[in-house]
Amino acid sequence: MSSAAMLGFTHLSQAYPAKRPAGARTHDFREIADHWALDAARDQSARCSQCGVPFCQVHCPLQNHIPDWLKLAAEGRLEEAHELASSTSTMPEICGRICPQDRLCEGHCVIEQSGHGAVTIGAVEKFLTETAWENGWVRPLRPLSDRSGQSVGIIGAGPAGLTAAELLRLRGYAVHVYDRHDRAGGLLTYGIPGFKLEKPVVERRVRRLEEGGIRFHLETEVGRDVTFAELRTRHDALLIATGVYRAREIDVPGSALPGVVPALDYLIASNRKGFGDTVPRFDSGELNAAGRRVVVVGGGDTAMDCVRTAVRQGAASVTCLYRRDRANMPGSAREVAHAEEEGVKFRWLAAPEAFVPGGSGRVGAVRARQMRLGLADASGRRMPEPEAGAGFTLEADLVIKALGFDAEPLPAMFGEPALAVTRWGTLRVDGQSFETSLPGVFAAGDIVRGASLVVWAIREARDAVPHIHASLQNARHPASAIAA
Ligand SMILES: Cc1cc2nc3c(=O)[nH]c(=O)nc-3n(C[C@H](O)[C@H](O)[C@H](O)COP(=O)(O)OP(=O)(O)OC[C@H]3O[C@@H](n4cnc5c(N)ncnc54)[C@H](O)[C@@H]3O)c2cc1C
Ligand code: SF4
């Protein structure tokens, strides 16, 4: 295969896979982007300038070898490109779809900085891995040695738990994953909607792990169906990867009215319907936006997923209230643009003051207050403060609260007061090894970082695995912890 001419950004414009028009895509929960043809993927890969210091790679939490796999892709060496892309990531096709690339790899691409538009790295990553699945290049999970005399218990089957499960199984351990849901995947399955990440993409990854010998114990809540102490005796090491699920509340009158619902209840119900499950709270209309005037409160990824789900369910109108302005939204700018294309209205610098009952006792309106940005707080973000006298009322029959998540009280839930937590309730771990205050018990993902990103959950699990391995080796051969 001939070597490709790189630096194509000088004559080729940036392109993403074509999006389906908003009018067509809002009737279903399928992903909004089409698949790339080979030529488009090669051309876009060849736009890379092969920088001496690849800032894209530096700002990718996985430090993916981006310029190298872009070059291989541009040369049409797709299988090698895929091998390289998957050498650092357990789920590149998922990150390619849902990483906020504008803040990570693509946001730091040098040709973006020079005004040419970043190399569309995420789309190439997705293309490579999808091509690999189609061609059978994604190899079955085969342990490199047999260490099945020792077992690891993993609590939580989200991206952190699944990543650790794969890498520990690869090292030969018996791996058991416990999750309170009936399907594995964590927020990949029940949080993130299908229009960002179609569910068969997640199911395919989980199936590969099952076929590789990983045992999933679903509908098993640790602290309820099995005790934490029991798991400690059952396994030689544990990893806690339970994510963060305590929804932040809005402390205003009417917060508990019927029709005011937490975002995750709403998204889980919608995702379950996508699987064809019976969901009484959806079927009764409680968690269904069809025909309703919907107001979503919040400005992060969760809020964006709610507004776009409501559009697809056939809401009469969808409005997002966010207390800061567009420039200060925590959610991805790309997702805001998608929501706007799909007909969502945004009320920037607006915060709810009260949820007002309607005639039926359900919520009927949101009374909101106009805000402005004041001085920066300790974190450097400008704080919203009420604008004197300014307010407005929005009619609403469904209000979705999407203000973010904190950690659940794990020491109490697990009946293990010695499990140390930070002042935010996340687990306190050693910065190098990810070991908690309990020997042989490690933690990774959102339960360590707080609500974050899939790619960081993968990274932390990947970093924890060599230390779990060393601890297991140490337990077997106390004199010489084997690092390999
Ligand atoms: C609506 C929404 C949209 C998002 N969109 C994006 C996005 O577009 N891009 C992105 O990068 N990130 C996104 N995120 C964030 C991302 O999903 C998380 O950062 C990531 O899933 C964290 O992975 P995790 O493995 O730590 O936890 P999770 O994915 O939360 O998985 C934790 C698992 O642990 C299980 N569990 C919890 N407690 C117990 C227990 N006691 N016993 C047994 N099992 C238990 C849970 O059931 C769950 O399956 C989004 C988050 C939300 C809520
Ligand atoms: S994992 Fe995320 S940040 Fe890293 S290259 Fe892929 S899309 Fe970019």
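What you are looking at is a predicted structure, and each value in this text was computed from that prediction instead of being measured.

Here we take up the overall build of the chain. Each helix and strand counted, the chain has 19 helices and 15 strands in total. Computed over its C-alpha atoms, the radius of gyration of the chain comes to 23 Å, within 12% of the 23 Å expected for a compact globule of 484 residues. Once the C-alpha set of the chain is aligned to its principal axes, its extents read approximately 70 × 60 × 45 Å. By the burial criterion, 46% of the 484 residues in the chain qualify as buried. Taking contacts inside the chain between residues at least 6 apart in sequence as the whole, the part at least 24 apart equals 69%.

Taken together, 35 residues surround ligand 1, and among them Gly156, Gly158, Gly186, Gly243 and Gly445 come closest. Broken down by secondary-structure element, the contributors of at least two residues to the shell around ligand 1 are helix H9 (159-170), helix H15 (301-312) and helix H19 (454-476). When grouped by side-chain class, the residues that make up the shell around ligand 1 number 16 nonpolar, 12 polar and 7 charged. Residue-level mapping places the shell around ligand 1 at the junction of two domains, with at least three residues from each of domain 2 (147-245 + 406-476) and domain 3 (249-403).

Under the domain assignment used here, the chain contains domain 1 (8-135), domain 2 (147-245 + 406-476) and domain 3 (249-403). Placing the centre of domain 1 and that of domain 3 at their C-alpha centroids yields a distance of 32 Å. Counting residues at the interface gives 6 residues for domain 1 and 9 residues for domain 3.

One open sheet accounts for 5 strands, arranged S6-S13-S7-S8-S9; its pairing is parallel. A strand with exactly one partner marks an edge of an open sheet, and here the two such strands are strand S6 (260-262) and strand S9 (345-347). Between one strand axis and the next, the sheet turns through 25° on average, direction left out of account. Across 5 bridges, strand S7 (residues 293-297) lies against strand S8 (residues 317-321) in parallel orientation.

Residues Ala164, Leu239, Ala241, Val307, Ala443 and Ala444 are the most contacted members of the largest nonpolar core, which totals 137 residues. Ranked by the residues each element gives to this core, the list is headed by H19, at 10 residues. Look past the residues within four positions of Ala164 in its chain and what remains in contact with it is Ile154, Leu239, Ala241, Ala444, Ala461, Ala464 and Val465.

For the rest of this paragraph, the subject is helix H5 (residues 78-87). Residues of H5 that are buried: Leu78, Ala81, His82, Leu84, Ala85 and Ser86. Where H5 is buried, its residues touch helix H4 (66-74), helix H6 (92-98) and helix H8 (121-135).

Once that is clear, we can look at the pairing of strand S11 (residues 363-376). Relative to S11, strand S10 (residues 350-357) runs antiparallel, the two sharing 7 bridges. Note that in S11 the partner of Ala350 across the bridge is Gln370. Hairpin connection, S10 to S11: the antiparallel pair is bridged by 5 residues, and Gly361 has positive phi, about 90°. The sheet contact formed by S11 and strand S12 (residues 382-395) spans 9 bridges and is antiparallel.

Here Asn288 lies in the loop between helix H14 (280-283) and S7. Separated by 188 residues in sequence, Asn288 and Arg476 place their C-alpha atoms 54 Å apart. If we ignore the near neighbours within four places in the chain, the residues touching Asn288 are Phe282 and Gln313.

Hydrogen bonding along the main chain pairs the strands of a sheet, whether they run parallel or antiparallel. Strand order in the open sheet made by the 3 strands is S10-S11-S12, with antiparallel pairing throughout. Single-partner strands in this sheet number two, and they are S10 and S12. Adjacent strand axes in the sheet meet at a mean angle of 20°, parallel and antiparallel pairs treated alike.

Right, let's talk about unusual backbone geometry for a bit. In this structure, Gln50 takes a positive phi of about 50° despite not being glycine. Within the secondary structure layout, Gln50 lies in the loop between helix H2 (38-45) and helix H3 (55-58). Positive phi, close to 65°, is recorded for Phe434, a residue that is not glycine.

Parameters and conventions
- Each chain has its residues counted from 1, running along the sequence as written.
- Just so you know, chain letters begin at A and ligand numbers begin at 1, following the order they were written in.
- Local features in a predicted model are, by the rule used here, given only for residues with pLDDT of at least 70; side-chain atom pairs are given and counted only at 80 or more, and totals for whole chains, interfaces and linings are based on all residues.
- A run of DSSP states H or I qualifies as a helix once it reaches four residues; a run of E qualifies as a strand once it reaches two. Both are numbered from the N-terminal end.
- Each radius of gyration is computed over the set of C-alpha atoms, and the globule rule expresses the reference value as 2.2 Å times the number of residues to the power 0.38.
- In this scheme every C-beta is placed from the backbone, and a residue whose C-beta has 20 or more other C-beta atoms within 10 Å is buried, one with 12 or fewer is exposed, and one in between is partly exposed.
- Residues are defined as contacting one another if the C-beta atoms placed from their backbone atoms lie within 7 Å.
- Here, nearness is defined through the C-beta atom: a residue counts as near a molecule or strand if that backbone-placed atom lies within 6 Å of it.
- For this classification, Asp, Glu, Lys and Arg are treated as charged, while Ala, Val, Leu, Ile, Met, Phe, Trp, Tyr, Cys and Pro are nonpolar and the rest, including Gly, are polar.
- What fixes the domain bounds is an automatic or database domain assignment.
- Two strands are counted as paired when DSSP detects at least two bridges linking them.
- Where helices are involved, their axes are fitted lines through C-alpha atoms of the stretch in contact, as for all axes, and angles between N-to-C directions lie from 0 to 180°.
- The term nonpolar core refers to a set of buried Ala, Val, Leu, Ile, Met, Phe, Trp, Tyr and Cys residues connected through C-beta atoms within 7 Å.

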